[in-house]
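# Observations on chain architecture
Here is how the chains run, residue by residue.
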Amino acid sequence: MSLVAPRRPGEAAAGGVRRWRAGLAVYREPRLVAILLMGFSSGLPLALTGATLSLRLADIGVSLTAIGLFTLVRFSYSCKFLWSPLIDRLPIPLLTARLGRRRGWALAIQAALALAILALGFADPAASPWPTALAAVVVAFLSASQDIVIDAYRIELLRPEEQGAGAAATQWGYRFGMVASGAGALYAASYGGWSFAYALMAALMVVGMVTVWLTPEPVGARGVESIPGDSALARLKTWLAGAVLAPFADLVGRNGAAGLLLILLFIVLYKFGEAIAGTMSNPLYVTLGFSKVEIATIAKIYGVAATLAGVAIGGIMVLRLGIFGALLVAGALQMLSNLMYVLQVWVGHDLPMLALTIGTENLTNGMGSAAFVAYLSGLCSLAFTATQYALLSSLAMVSVNVLSASGGAIVDAWGWIPFFLLSTAACLPGLALLLWVMRNAGSAPAALSAGDR
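## Details of the overall build of the protein chain
When you go through the protein chain residue by residue, the secondary structure sums to 23 helices and zero strands. Put simply, 82% of the contacts in the protein chain that link residues at least 6 apart link residues at least 24 apart. Accessible area for the protein chain stands at about 20400 Å²; split by element, carbon and sulfur atoms hold 72% of it.

Structure (structure tokens):
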């Protein structure tokens, strides 16, 4: 006989509602609000050197080949791990002593970033593309550096039980920042021109600066660490061994050299087809005659909502199918979604078709991103989580910022429909490597290999 009285009907449901309310209450914490606003500041510059910049260039008649090459200005996102130990450990004269290491670095980078965005807005790519490219490189570098600080700030500011909520708050803030620099910049450009739009985006960096100014330095932030060694060369060797070599050696030890090489190749290629198609999406919309307001309304607002929905669905897929199952399903859907651009070219200037194209592409992209981030996280060792994730996530950006740079030249040479058919086929190598990874699932924790069926 059970000594515990059975619950009355409805008690379990009421208890579940109370637990949900208690869980949601964490989002009212001032720290979580600060993290969301920092996420906004982190997401704001991304489109200004990406989708918004490509649309700006297409709007003034820059060639598609040149637009494709402009994706190279964002290479900083692919190699930010190279200077992350410097930002993590080095003090800034005067600022670090007065504000703390995280706040000092964040405010210094954000102030410089606002000025760089302003300079990018006043550069005239029609007169000469080089000043625009240089300003975009500086914006991307400072934006990637800001991400390093904000990620560390978030981890150190929140308690362990708040980290999940902090990640969610960061993603939502990041997407709001992208809406501001996507739809917001296009609306502003329609009203006052591109220089006005970029000046407004530079002013919005104040959101992040005020947030950092009002948020205390994390209690867990480490002081400046001394590096042992009898000479500068010995200290440099010690630093390189701990910051770079040890995390990489751990990955090799757990996966084998050949196995790690194929895993890294999979990381580069998994979203390659989606990335190369996405790079030329805005120039396609301009070519088909869509206005900036139409693109802003559908691509930058409705599209972001579809991405957030895709992220949520992708999380459920990981739970039900496991990471590898979710990667396979989402990867196949990402590949098929590229064919929507072919239909868009055939239909032409049609708003319902544009909504369907963008909704499908962003939904599947969000699903794939959720599974992909979960896979990258599962590859990391607890002893080197931050460094290894920075390495892997930077590598994942190679297909977005480097390999996709040839997209404009392909369109100029072959046309829109062959280009999007090629981008669809470009998804196949990543899926083939995924099948190999699935057969060697021992390279990831066992808990990540099977879903909750």
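## Structural notes on helix α22 (residues 416–425)
Restricting attention to buried positions, one finds in α22 the residues W416, F419, F420, S423 and T424. In an axial view of α22, the angular spread of the buried residues amounts to 140°, which keeps them on one side of the axis.

## Thoughts on the packing of helix α17 (residues 339–347) against α22
Remark: α17 packs on α22, axes separated minimally by 8 Å, with the N-to-C direction vectors making an angle of 170°. The orientation of α17 with respect to α22, classified from their angle, is roughly antiparallel. Between α17 and α22, the contacting residues are L339, Y341, V342, V345 and W346 on the first element and W416, I417, F420, L421 and T424 on the second. Partitioned by chemical class, the residues of the contact of α17 with α22 number nine nonpolar, one polar and no charged.

## A closer look at the pattern of salt bridges
Inspection of every chain in the model, using the stated rule, returns one salt bridge. With a shortest N-O distance of 3.0 Å, D250 and R254 are connected by a salt bridge. Note that D250 and R254 are positioned in helix α12 (residues 232–255) at a spacing of four residues, about one turn of the helix.

## Brief notes about the nonpolar core
It is characteristic of soluble globular proteins that their nonpolar side chains tend to be buried jointly. With 110 residues, the main nonpolar core has I117, F266, I267, Y285, L327, Y375 and F420 as its most contacted residues. Those residues within four positions of I117 in sequence are excluded, and the remaining contacts are L48, V139, Y198, M201, A202 and M205.

## Topic: the packing of aromatic side chains
Inspection of every chain in the model, using the stated rule, returns eleven aromatic pairs. Look at W416 and F420: their rings are 5.9 Å apart centre to centre, the planes differ by 15°, and that puts the pair in the stacked class. Within this pair, W416 and its partner F420 are both found in helix α22, separated by four residues, close to a single helical turn. Each member of the pair, W416 as well as F420, is classed as buried. On the numbers, 4.9 Å between centres and 70° between planes, the contact of F419 with F420 is edge-to-face. Take F419 and F420: they sit in the same class, and that class is buried. The rings of F266, Y270, F324, F372 and Y375 are connected pair by pair, giving a single aromatic cluster. One Lys or Arg, R56, reaches over the ring of Y198 and ends 5.0 Å from the middle of that ring.

## As for the environment of S145
Summarising the element assignment, S145 is placed in helix α8 (residues 129–157). A relative accessible area of 3% means that S145 is categorised as buried. For the pair S145 and L113, spaced 32 residues apart in sequence, the C-alpha separation works out to 9.8 Å. Other than its neighbours up to four places away in sequence, S145 contacts W83, I87 and I109. Polar contacts involving the side chain of S145 include one to the side chain of W83, which spans 2.9 Å.

## A look at the packing of helix α13 (residues 257–269) against helix α23 (residues 428–439)
Running from amino to carboxyl end, α13 crosses α23 at an angle of 145°, the nearest separation of the two axes being 9 Å. In the crossing of α13 with α23, the sense of the turn from one axis to the other is left-handed. In contact with G259, L262, I263, L265, F266 and L269 of α13, α23 contributes P429, G430, L433, L434, W436 and V437.

## Here's the deal with the environment of L37
Here L37 is to be found in helix α2 (residues 30–48). Sequence separation between L37 and Y174 is 137 residues, and the spatial gap between their C-alpha atoms is 8.4 Å. Those residues in contact with L37 that lie beyond four places of it in its chain are V207 and T211.

## What about unusual backbone geometry?
One can expect most non-glycine residues to show negative phi and most peptide bonds to be in trans. Of note, the phi angle at L94 is positive, near 75°, even though the residue is not glycine. Residue position: L94 is located in the loop between α5 (84–89) and α6 (95–99). Exposure remark for L94: the relative accessible area of 74% places this residue in the exposed category.

## Some words on α17
Turn by turn, an α-helix covers 3.6 residues, leaving residues three or four places apart pointing in a common direction. Among all positions of α17, only M340, Y341, V342, Q344 and V345 are buried. In the stretch just after α17, G348 is the one whose phi turns positive, near 85°.

## Structural notes on the confidence of the model for the protein chain
Scored by pLDDT, the protein chain comes out at a mean of 80, with 81% of its residues at no less than 70. Mean pLDDT values for the elements of the protein chain range from 49 in helix α1 (residues 11–24) up to 95 in helix α10 (residues 194–204). Considering only residues more than four positions removed or in separate chains, one finds that residues 1–6, a stretch of pLDDT under 50, has zero contacts.

## Examining the side chain of N362
Tracing the backbone through its elements, the reader meets N362 in helix α18 (residues 351–379). Within the structure, the side chain of N362 is placed 2.7 Å from the backbone oxygen of G303, a separation counted as a polar contact. Aside from chain neighbours lying at most four places away, what touches N362 is A299, G303, V304, A306 and T307.

## Section: the side chain of S181
Its location among the elements puts S181 in helix α9 (residues 163–192). Residue classification places S181 among the buried residues on the basis of a relative accessible area of 0%. In this structure the side chain of S181 is engaged in a polar contact, spanning 2.8 Å, whose partner is the backbone oxygen of L44.

Cut-off values and rules
- Residues numbered from 1 in each chain as written.
- Predicted model: local features only at pLDDT ≥ 70, side-chain atom pairs only at ≥ 80, totals over all residues.
- Heavy atoms only, no water.
- Helix = DSSP H or I, 4+ residues; strand = E, 2+ residues; numbered from the N terminus.
- Contact = heavy atoms within 4.5 Å.
- Areas by Shrake-Rupley, 256 points an atom, 1.4 Å probe, with all protein chains shown as cover.
- Buried < 20%, exposed > 50% of the residue type's maximum accessible area, 1.4 Å probe, protein only.
- Arc of directions from axis to C-beta.
- Axes fitted to C-alpha atoms, helices over the stretch in contact; angles between N-to-C directions.
- Parallel < 35°, antiparallel > 145°, perpendicular 65-115°, else oblique.
- Nonpolar A, V, L, I, M, F, W, Y, C, P; charged D, E, K, R; others polar.
- Salt bridge = Lys/Arg side-chain N within 4 Å of Asp/Glu carboxyl O.
- Core = buried A, V, L, I, M, F, W, Y, C linked by side-chain atoms within 4.5 Å.
- Phe/Tyr/Trp six-rings, centres within 6.5 Å; stacked < 30°, edge-to-face > 60°.
- Lys NZ or Arg CZ within 6 Å of the ring centre and 35° of its normal.
- Polar contact = N/O pair within 3.5 Å; in protein donor to acceptor, adjacent residues only side chain to side chain.
- Left-handed = near helix turned anticlockwise from the far one by under 90°.
- pLDDT = per-residue confidence, 0-100.

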